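Structural description and commentary
Chain residues, written in single-letter form:
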Amino acid sequence: MSIISHFLSYKDRLRSYHLHGLKSCGIKKISNILQTEYSIYKGETILKSKPYIANIDIGNVCNYKCRFCPTGEGRRGRETIIMSYDRFKDIFFRLHYDYFLILYLHIWGEPLLNNDLGKIIRLIKEKNVFCGFSTNLSLMTYEKAFEIVESGLDFMVLSLDAATEESYRKFRTGTFENVIRGLEYLIKARGKLKKSKPYLEWQFILFEHNRSELEMAKRLSVEYGVDNFTVLEPYVEDKTWIPLGKQDKSVYKHSSLRFCKRPWTHIAIQSDGGVSPCCWVYYKKDDFGNILDKDFDGIWNGGQYISAREILLNKDGTGIKNVCHLCSKTNVSPFASLRDKDGNA
């Protein structure tokens, strides 16, 4: 691949709300993105650039028990923590946040469970960082909707893969009615405050049981004033959940793992401060370090990250075997059933 085609392929990896983040980027952030992509193209493993996509899990706790989710299934990945504002602030300032294109406030939990959410968002926006989170929306209240809109949150991904109560309960454990009520609160808050943000994306995981409701869900998203509708493939262990005609696909696999760029572009901070190369990592034993114990640069260009980049470039590595080796060799996501409930492979 030429250097020109490499950079042109960048736009194909962006979600709709990423484009909104790019609009607010200054020269410093754009230069860092270009330097990162050039490092990937050149096959560099020790980086001058910083990650431009970040997750900070403000709580690895959820009120749902969704099928196939390790949190919902009660797997013992690490201590359950709802991150306080003070801990978030400490972690946030240890990172090179001024290079972030986008910051997600979720990994393995429901962000609306965090009572400091509004305060956290306001801190992030004071530092001009584009941010958002994914939510099941079931805990949204009228007051919380106004707080979130007033905080300046940029986007929200709504995990809503149904158009009826019956279909919703087959995968999620809450009620469709509560979720729609929460959506109505958000739309009302945006309208009353005369705000266009947060940008709302309805995310629909396409299963066999809900595929007949896909078009109905799209129509509902338009009727309620949602900004975008996205369909995702299911990464599940039970093939009976996969839509007919697609069941030849291996479970928990996805094409982006053919060459994963996350060890160059991403950093994920778990609720206990553990550092992971991406948001797919669930178990503490797979962490690359802890941001509360070691400085950012020591982790970002430390042995674990270097080894991950080397294995993805098919180079002779440092000898360190980590979660990226498992992922790249099997093309299977690292929280799949290759591991038991305690994270043992």
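Model, not experiment: these values are computed from the prediction.

A short note on the overall build of the chain
Across its full length, the chain carries 13 helices and nine strands. For the chain, the proportion of its 345 residues judged to be buried stands at 54%. In the chain, of all internal contacts separated by at least 6 residues, the share reaching a separation of at least 24 is 70%. Carbon and sulfur atoms make up 51% of the accessible area of the chain, which amounts to about 15,400 Å² in all.

Considerations on the confidence of the model for the chain
Per-residue pLDDT for the chain averages 87, and the proportion of residues at 70 or more is 83%. For residues 6–13, every residue scores under 50 in pLDDT, and the model assigns this stretch 18 contacts once sequence neighbours within four places are set aside. In the model, residues 247–257 has pLDDT below 50 throughout and makes 36 contacts with residues more than four positions away in sequence or in other chains.

Some details on the nonpolar core
Ranked by internal contacts, the top residues of the largest apolar core, which has 73 residues, are Phe88, Leu103, Leu105, Met156 and Trp202. The dominant element in this core, judged by the number of residues it contributes, is helix H8 (residues 176–192), at six residues. Discounting residues that sit within four places of it in the chain, Leu103 has contacts with Ala54, Asn55, Ile56, Phe88, Phe92, Ile124, Val129, Phe130, Cys131 and Gly132. With 11 residues, the next largest nonpolar core counts Ile33, Ile53, Val157 and Tyr199 among its residues.

What to know about unusual backbone geometry
Of note, the bond from Lys197 into Pro198 is cis; its omega dihedral lies within 30 degrees of zero at 5°. When you line up the elements, Pro198 lands in the loop between H8 and strand E5 (199–205).

Thoughts on the pairing of strand E6 (residues 228–232)
Regular strands show a simple pattern: their side chains alternate between the two faces of the sheet. Where E5 meets E6, five bridges bridge the pair, whose relative direction is parallel. Residue Gln203 lies in a different strand from E6, and its bridge partner there is Thr230. Between E5 and its parallel partner E6, the chain crosses via helix H9 (residues 214–224), and the hand of that crossover is right-handed.

What to know about the side chain of Asn55
By secondary structure assignment, the location of Asn55 is in strand E1 (residues 53–56). Among residues more than four places away in sequence, those in contact with Asn55 are Leu103, Tyr104, His106, Ile107, Ile267, Ala268, Ile269 and Cys279.

What to know about the pairing of E1
Burial along E1 is two-sided: the residues Ile53 and Asn55 and Ala54 and Ile56 are all buried. Of the strand pairs in this sheet, E1 and strand E2 (residues 102–104) are connected by three bridges, and their pairing is parallel. Across the sheet, the residue bridging to Asn55 is Tyr104, located in E2. At this point the chain moves from E1, through helix H4 (residues 85–94), to the parallel E2, and the crossover so formed is right-handed.

A short note on the packing of aromatic side chains
The geometry of an aromatic ring pair is captured by two quantities: the separation of the ring centres and the angle between the planes. In total, this model carries 22 aromatic pairs according to the counting rule given. Aromatic pair Tyr142 and Tyr185: ring centres 5.9 Å apart, planes at 80°, arrangement edge-to-face. Of the two residues, Tyr142 sits in helix H6 (residues 142–151) while Tyr185 sits in helix H8, which places them 43 residues apart along the sequence. Exposure remark for Tyr142: the relative accessible area of 30% places this residue in the partly exposed category. Its guanidinium or amino end placed over the ring of Tyr99, Lys28 lies 4.8 Å from that ring's centre, counting from NZ or CZ. Between Arg309 and the ring centre of Trp300, over which it is positioned, the NZ or CZ distance is 4.6 Å.

A word on H8
An ideal rise of 1.5 Å per residue puts 24 Å on 17 residues; H8 measures up with 24 Å between its terminal C-alpha atoms. Against H6, strand E4 (155–159), helix H7 (165–171), E5 and H9 lie the buried residues of H8. Directly after H8, the chain includes Lys194, whose backbone phi takes a positive value near 55°.

So, the sheet that holds strand E3 (residues 131–135)
Strand order in this open sheet of nine strands is E6-E5-E4-E3-E2-E1-E7-E8-E9, and the pairing throughout is mixed. Edge strands, defined here as strands with exactly one partner in the open sheet, are E6 and strand E9 (289–290). Contacting E2 and E3, helix H5 (residues 117–126) runs over the sheet at an angle of about 150° to E3. Contacts between H8 and the sheet are confined to E4 and E5, with E5 contributing the most and set at about 160° to the helix.

Definitions and limits used
Residues numbered from 1 in each chain as written. Predicted model: local features only at pLDDT ≥ 70, side-chain atom pairs only at ≥ 80, totals over all residues. Heavy atoms only, no water. Helix = DSSP H or I, 4+ residues; strand = E, 2+ residues; numbered from the N terminus. Buried < 20%, exposed > 50% of the residue type's maximum accessible area, 1.4 Å probe, protein only. Contact = heavy atoms within 4.5 Å. Areas by Shrake-Rupley, 256 points an atom, 1.4 Å probe, with all protein chains shown as cover. pLDDT = per-residue confidence, 0-100. Core = buried A, V, L, I, M, F, W, Y, C linked by side-chain atoms within 4.5 Å. Pairing = 2+ DSSP bridges. Right-handed = clockwise from strand over helix to strand, strands pointing away. Phe/Tyr/Trp six-rings, centres within 6.5 Å; stacked < 30°, edge-to-face > 60°. Lys NZ or Arg CZ within 6 Å of the ring centre and 35° of its normal. Expected span 1.5 Å × (residues − 1). Axes fitted to C-alpha atoms, helices over the stretch in contact; angles between N-to-C directions.

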